[in-house]
Amino acid sequence: MKKSLFTFALSLMWITLAFAADPAYENAMKKQISAMKTIQTVEESQAVTNGFIRIAEAKPEEWLPLYYAAYLQTVAAFRFEVDKDQYFDQAMELVTKADKIAPNNSEITALKGYVIMGKLSVDPMSRGQEMSPLAMQTFGKAIALDKENPRATTLMAQMELGMAQFFGSGPEKACGLARVGLELFAKEEAEIDENYLLPTWGKREADQIAAQCK
Amino acid sequence: MNSRILLFTFFLLNQTLAFGQTVISGKVFDEKGMPLPGANVFIKGSFDGTSSDVLGAFEFQSTETGDQLLVVRMMGYKSQDLPIHLSQSKLEIPDINLVEEFNEMNTVTISAGAMEASDEKKSVILRPLDIVTTPSAMGDIVGAFQTLPGTSTVGNDGRLFVRGGDASEVGIYIDGMRVGNAYGTTAGNVPTRTRFNPNLFKGTFFSTGGYSAEYGQALSSALALNTKDLAVRSQGDLSIMSVGGGYAHTLANEKRSISISGNIFDLKPYQNLIKQDFDWERAPYGLDLEVAAQHKLNNGGLIKVLARTETGGMKLWQPLPGIEGKGILVDLTNNYSYAQTNWRKAYDNGWTLFGGYSFSHNKDFISYDDLDIERKNNLSHIKFSAIKDFSDRISSKTGVEYFIHDYSETLVEEDLDRSFGEREAYLFTEWDWYLSKKFVLRGGLRAGHSQLSEEQWLDPRASLAYKLSDSGTLSLATGRFHQLPVDNFRVLNPELKNSASNHLILNYLYQNEGITFRAETFYKSYDNLVTFEGLPQFPQNLRNEGKGFAKGFDVFFRDQKTFKNTDYWVTYSYVDSKRSYNQFETQVQPDFAPKHNFSVVVKHFIVPLKSQLGASYSFNDGYTFTDPNLPGEMNSKTTAYQNLSISWSYLPKPNLIIHAAVTNVFGNENIFGYAFAQNPNEQGKFESLPIGQPAPRFLFLGIFLTLSKDKNANQLNNL
């Protein structure tokens, strides 16, 4: 009797611990994701990036914290006055780690393309030749892995727009992609609730491209 | 009983989880004691942690207990793992000092004698794209380097001449492997080009002296070309040019890529349209086939293969001074093959290993008047090297090399031949020591052995660099360099020893957001140069008795910032060089070393026209020559050399490029020297003929089309 009670208590403890691990992760992620939305300075960006890296250190089997850390580094490089190459290189390092955990993931692949696009933007004249096909190819792969991924489509649209501007051709292709992207964002929005941890960013970028199509 | 204890432990554990919180606080500084904001501080294996604030301070709560690791991490700094013990409610960590990590981006680079063309690294002077878009270069790698400091243009030769050195003093390497006969074989006074297409390479390292112990057998300069890694996509490239055409096909996936290309060039149709100053019987022509393959191994290594085979020739009349008529008929055919493979792998423990093998085969058949000569040259190079990063401050590179070199010359009709076989072995080691981020010392040693000349030698090399400011660097390089004489001398006297040179170079480099300024001054001594008696065509009594020097300075200024969509660079090189060599009994200024060398390259992109316009202008003050009608050696100088070239690249569609270029727009009559009759005429005067250009101008028109699923692909690198 005593023994079975103990077994019960023990199994209860295990269950509690097993379940307890995930809420802790989820809560930590939610905290950083909500902090991410209010970033105004490079310092704040660094603090949230650090938060994601801490989660990634504690949960080495999760790709999402690495993904967010890489995303923040990429955005910071575009947005703030920093050593852009250094930030993009670190973002690439984090993306590569995430890719090892979850190979052939459309979100990770799209972000990888975003980082390549960032590296390209630092010195387009000399890096364009090598990197623009690489970025295109990576976005293409991200779309092929998940046709419903609005970020893959939007980033491809951004790349197409840049190419169209460089070669002075029309933005039709970019506009078409941006439109598809916006439809996918609408679809995605329906699924988002307070427990949604997966990436949701990119609608603003799609809107910006679409705005140039009128 | 047991269960009771366990239950008790379980509750105790729960209590700890609820109440055993520790507040951990501290401060993070750099080496100099300045606060480091944004450092990531956390307990390893937990979610507990924070970032340091503006003052470097951090404070966070942790529910962990017992022995833990506190990790302090920051980009650009070495991470620290501090063992801590959590038992009380408060834990103050003593001040943490993070040490900055040395990497390529934040440390000083030795720039004495070095000019790098690369997309990746800092301290680059040119980008690979700059090479193909320099108008006077006509797509030749060496042509673009002739607009850089320390070089002089020798228009009737076409090869690279560095700081008063002969063209044979430049060693050319592909992926660290020596290339034999890197230039196309040509008849006297017909300029040549490098055999290799610039689009094979992702980066170029060009040294004007004081270079690494990794390279040897080059008294003046090392030109190291690095081939591209994996191709990014499958595509076909078609080119149609006024001088020929070609097609290249690339197949690529994430693991491997292969590119096969075939080209044909023939100047005949062009020469039929445009009048030439040379008397061509058969215009230069050529055919080549090239394969480049890259393979990524599963363990992270990379294997590259490059193979090229080509055949070509030309036939022309070379006039003789003082003699009426067409002169002498020179008929030349050349067969050349080059193959190399190399393997490289970087290991996690700081070792990088490299192994390579290259083979060059060159066969010339020359008919000079009624003399038929066959010339064969085979060169094999085997090399292993290992790089070890002991820390971010000390690294070394050590390697061993072996050369098998066989050369022969045959007089076909007379059935006479002469040849030599040479085996050379080398050992080199080079150490980099970063005393601080601003100061680096490099020391190297290269030991060589030649079987043929029965010689052993040791070349010490040293350099250092000091960062004066964020943008300015001062570097100094010195070293000893040995080179065995050229093949056609060694075959006459296999006992010829190495020639030697000592270099001393002081360099200042300023680089800041689109502005590059580079100034360099140098002194170079020459010893044991080959001298002989008689005419250069028939040298006799060859021996190592020549000596000389070269000294001077050069300045380089490049500006990509001031004018929108415009990039220009200006170069001036002053060389004062004298040497006793070849048939010269006294120390003279060589004909390949003009004193004042000046060049400007301007490129401007016009967005609405989708075009890049380019112009390059070169000037030097003329070439020395010996006028036998006057006393002394090298007693005269030609008029100044000038060349203005322009080019226009038009990109109507992303995958189509139309490129047009004209050299020597103003048709300046450049003279590179004079050929004199061997005997005086009736008036007792040696008659002469000027050595000039094949034609006043050269016109080029090409259409480059890329066929690929990706419609934006183009051939910008193939121009």
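Residues numbered from 1 in each chain as written. Chains lettered and ligands numbered in written order. Predicted model: local features only at pLDDT ≥ 70, side-chain atom pairs only at ≥ 80, totals over all residues.

### Remarks on the overall build of chain B
Phase 1 of the analysis: For chain B, the helix and strand inventory stands at 5 helices and 42 strands.
Phase 2 of the analysis: The dimensions of chain B, computed from C-alpha atoms along their principal axes, are 125 × 55 × 50 Å.
Phase 3 of the analysis: Restricting to contacts in chain B with at least 6 residues of sequence separation, those with at least 24 account for 60%. (Helix = DSSP H or I, 4+ residues; strand = E, 2+ residues; numbered from the N terminus. Contact = placed C-beta atoms within 7 Å.)

### Here we look at the overall build of chain A
Phase 1 of the analysis: Per the secondary structure count, chain A includes 9 helices and 0 strands.
Phase 2 of the analysis: The helix and strand sequence of chain A, counted from the amino end, reads α-α-α-α-α-α-α-α-α.
Phase 3 of the analysis: Across the 214 residues that make up chain A, the buried fraction comes to 42%.
Phase 4 of the analysis: If you take every contact in chain A between residues at least 6 apart in sequence, the share linking residues at least 24 apart comes to 58%. (Buried ≥ 20, exposed ≤ 12 C-beta atoms within 10 Å, placed from the backbone.)

### Considering the pairing of strand 31 (residues 515-533) of chain B
Residue and element names in this part refer to chain B.
Phase 1 of the analysis: Pairing between strand 30 (residues 499-512) and strand 31: 13 bridges, direction antiparallel. Each residue of the ladder has a partner; that of Asn 507, found in strand 31, is Glu 520.
Phase 2 of the analysis: Counting the residues that bridge the hairpin from strand 30 to strand 31 gives 2 residues, and of these Glu 513 lies at a positive phi of roughly 35°.
Phase 3 of the analysis: By the bridge criterion, 16 bridges tie strand 31 to strand 32 (residues 540-559) in an arrangement that is antiparallel. Bridge assignment links Tyr 523 to a residue of strand 32, and that residue is Lys 551.
Phase 4 of the analysis: Linking strand 31 to strand 32, which pair antiparallel, is a turn of 6 residues; within it Gly 534 sits at a positive phi near 90°. (Pairing = 2+ DSSP bridges.)

### A short note on the domain arrangement of chain A
Phase 1 of the analysis: For chain A, the assigned domains read domain 1 (23-103) and domain 2 (128-214).
Phase 2 of the analysis: Between the C-alpha centres of domain 1 of chain A and domain 2 of chain A the distance comes to 21 Å. (Domains from an automatic or database assignment.)

### Remarks on the nonpolar core
Phase 1 of the analysis: Ranked by size, the top nonpolar core spans 56 residues in total, and within it A:Tyr67, A:Ala69, A:Ala70, A:Leu111 and A:Phe139 carry the most contacts.
Phase 2 of the analysis: By residue number, the principal contributor to this core is helix 3 (residues 64-79) of chain A, which donates 10 residues.
Phase 3 of the analysis: When residues of this core are sorted by domain, at least three fall in each of domain 1 (23-103) and domain 2 (128-214) of chain A.
Phase 4 of the analysis: Among residues more than four places away in sequence, those in contact with A:Tyr67 are A:Ala98, A:Glu107, A:Ile108, A:Leu111 and A:Pro199.
Phase 5 of the analysis: By size, the runner-up hydrophobic cluster in this structure holds 55 residues, among which are B:Ile141, B:Val142, B:Val154 and B:Ala477. (Core = buried A, V, L, I, M, F, W, Y, C linked by C-beta atoms within 7 Å.)

### Regarding unusual backbone geometry
As a rule of thumb, non-glycine residues mostly have phi less than zero, and peptide bonds are mostly trans rather than cis.
All names here are of chain B.
Phase 1 of the analysis: The backbone phi angle of Glu 454 is positive, close to 50°, even though this residue is not glycine.
Phase 2 of the analysis: For Glu 454, the location among the structural elements is in the loop between strand 27 (439-450) and strand 28 (455-467).
Phase 3 of the analysis: For Glu 454, a count of 10 C-beta atoms within 10 Å gives the class exposed.
Phase 4 of the analysis: The phi dihedral of Asn 582 is positive, around 45°, even though this residue is not glycine.
Phase 5 of the analysis: Its place among the elements puts Asn 582 in the loop between strand 33 (566-579) and strand 34 (596-606).

### As for the pairing of strand 15 (residues 201-207) of chain B
All names here are of chain B.
Phase 1 of the analysis: Counted residue by residue, strand 15 has 5 buried out of 7 residues, so it is predominantly covered.
Phase 2 of the analysis: Bridge count between strand 15 and strand 16 (residues 221-227): 6 bridges; the pairing is antiparallel. For Phe 201, the partnering residue across the bridge sits in strand 16 and is Thr 227.

### Considerations on the sheet that holds strand 6 (residues 80-86) of chain B
Residues and elements named next belong to chain B.
Phase 1 of the analysis: The sheet built from 4 strands is open, its strands ordered 3-2-5-6 with antiparallel pairing. In the strand order of this sheet, the two ends are held by strand 3 (49-51) and strand 6, each with one partner. Pairs of neighbouring strands in the sheet enclose a mean axial angle of 20°, with direction left out of account.
Phase 2 of the analysis: Where strand 2 (residues 40-43) lies against strand 3, 3 bridges are found, and the strand directions are antiparallel. The residue bridging Val 41 from the neighbouring strand is Thr 50, located in strand 3. (Axes fitted to C-alpha atoms, helices over the stretch in contact; angles between N-to-C directions.)

### Observations concerning the domain arrangement of chain B
Phase 1 of the analysis: You can read the domains of chain B as domain 1 (2-97) and domain 2 (114-718).
Phase 2 of the analysis: Its C-alpha centre places domain 1 of chain B at a distance of 60 Å from the equivalent point of domain 2 of chain B.

### Brief notes about the packing of helix 2 (residues 42-58) of chain A against helix 3 of chain A
Each pair of packed helices can be described by the angle between their axes along with the distance between the axes.
All names here are of chain A.
Phase 1 of the analysis: At a minimum axis distance of 8 Å, the contact between helix 2 and helix 3 shows a crossing angle of 160°. Of the possible angle classes, the one that applies to helix 2 and helix 3 is roughly antiparallel. Crossing hand, helix 2 versus helix 3: left-handed. Facing Val 42, Ser 45, Val 48, Thr 49, Phe 52, Ile 53, Ile 55 and Ala 56 of helix 2, the residues of helix 3 in contact are Pro 65, Leu 66, Tyr 68, Ala 69, Leu 72, Gln 73 and Ala 76.
Phase 2 of the analysis: Looking at the contact of helix 2 with helix 3, its residues break down into 12 nonpolar, 3 polar and no charged. (Parallel < 35°, antiparallel > 145°, perpendicular 65-115°, else oblique. Left-handed = near helix turned anticlockwise from the far one by under 90°. Nonpolar A, V, L, I, M, F, W, Y, C, P; charged D, E, K, R; others polar.)

### Let's talk about the environment of B:Val54
All names here are of chain B.
Phase 1 of the analysis: You can see Val 54 is positioned in the loop between strand 3 and strand 4 (57-62).
Phase 2 of the analysis: According to the C-beta neighbour criterion, Val 54 is exposed, with 10 such atoms within 10 Å.
Phase 3 of the analysis: Sequence separation between Val 54 and Pro 628 is 574 residues; the distance between their C-alpha atoms is 80 Å.

### Section: the packing of helix 3 of chain A against helix 4 (residues 84-101) of chain A
All names here are of chain A.
Phase 1 of the analysis: At a minimum axis separation of 8 Å, helix 3 and helix 4 run at an interaxial angle of 160°. Viewed along their axes, helix 3 and helix 4 adopt a mutual orientation that is roughly antiparallel. Seen from above, helix 3 lies across helix 4 with left-handed handedness. Contacts from Leu 66, Tyr 67, Ala 69, Ala 70, Gln 73, Thr 74, Ala 76 and Ala 77 of helix 3 reach helix 4 at Lys 84, Tyr 87, Phe 88, Gln 90, Ala 91, Leu 94, Val 95, Lys 97 and Ala 98.
Phase 2 of the analysis: Residue composition of the contact of helix 3 with helix 4, by class: 12 nonpolar, 3 polar and 2 charged.

### A look at the confidence of the model for chain A
When pLDDT is low, close inspection of the predicted coordinates is not appropriate.
Residue and element names in this part refer to chain A.
Phase 1 of the analysis: Counting all residues, the mean pLDDT for chain A is 87, and 90% of those residues have values of 70 or more.
Phase 2 of the analysis: Within chain A, the lowest mean pLDDT, 68, falls on helix 1 (residues 2-36), and the highest, 96, falls on helix 3.
Phase 3 of the analysis: Within the model, the stretch residues 15-20 combines pLDDT values under 50 with 0 contacts to residues more than four positions away or in other chains. (pLDDT = per-residue confidence, 0-100.)

### Some thoughts on helix 5 (residues 106-122) of chain A
Phase 1 of the analysis: The first and last C-alpha atoms of helix 5 of chain A sit 25 Å apart over 17 residues, in line with the 24 Å expected at 1.5 Å per residue.
Phase 2 of the analysis: The element helix 5 of chain A is largely enclosed, with a buried count of 14 among its 17 residues. (Expected span 1.5 Å × (residues − 1).)

### Remarks on the environment of B:Val412
All names here are of chain B.
Phase 1 of the analysis: Mapped onto the elements of the fold, Val 412 is located in the loop between strand 25 (394-411) and strand 26 (416-436).
Phase 2 of the analysis: Residue Val 412 is classed as partly exposed on the basis of its C-beta count, with 14 C-beta atoms lying within 10 Å.
Phase 3 of the analysis: C-alpha of Val 412 to C-alpha of Tyr 270: the two residues are 142 residues apart in sequence and 33 Å apart in space.

### Description of the environment of B:Ser46
Phase 1 of the analysis: Inspection of the secondary structure assignment puts B:Ser46 in the loop between strand 2 and strand 3.
Phase 2 of the analysis: Given 17 C-beta atoms within 10 Å, B:Ser46 falls into the partly exposed group.
Phase 3 of the analysis: Considering only alpha carbons, one finds B:Ser46 and B:Phe265, 219 residues apart in sequence, at a separation of 67 Å.
Phase 4 of the analysis: Not counting the four nearest positions on each side in its chain, B:Ser46 is found in contact with A:Ala58, B:Ser62 and B:Glu64.

### Examining the confidence of the model for chain B
Residues and elements named next belong to chain B.
Phase 1 of the analysis: Mean pLDDT over chain B works out to 90, with 94% of the residues at or above the 70 mark.
Phase 2 of the analysis: Confidence over residues 11-18 falls short of pLDDT 50; this stretch has 2 contacts with residues more than four positions distant or in other chains.
Phase 3 of the analysis: For this predicted complex, the interface score ipTM comes out at 0.81, alongside a pTM of 0.85.

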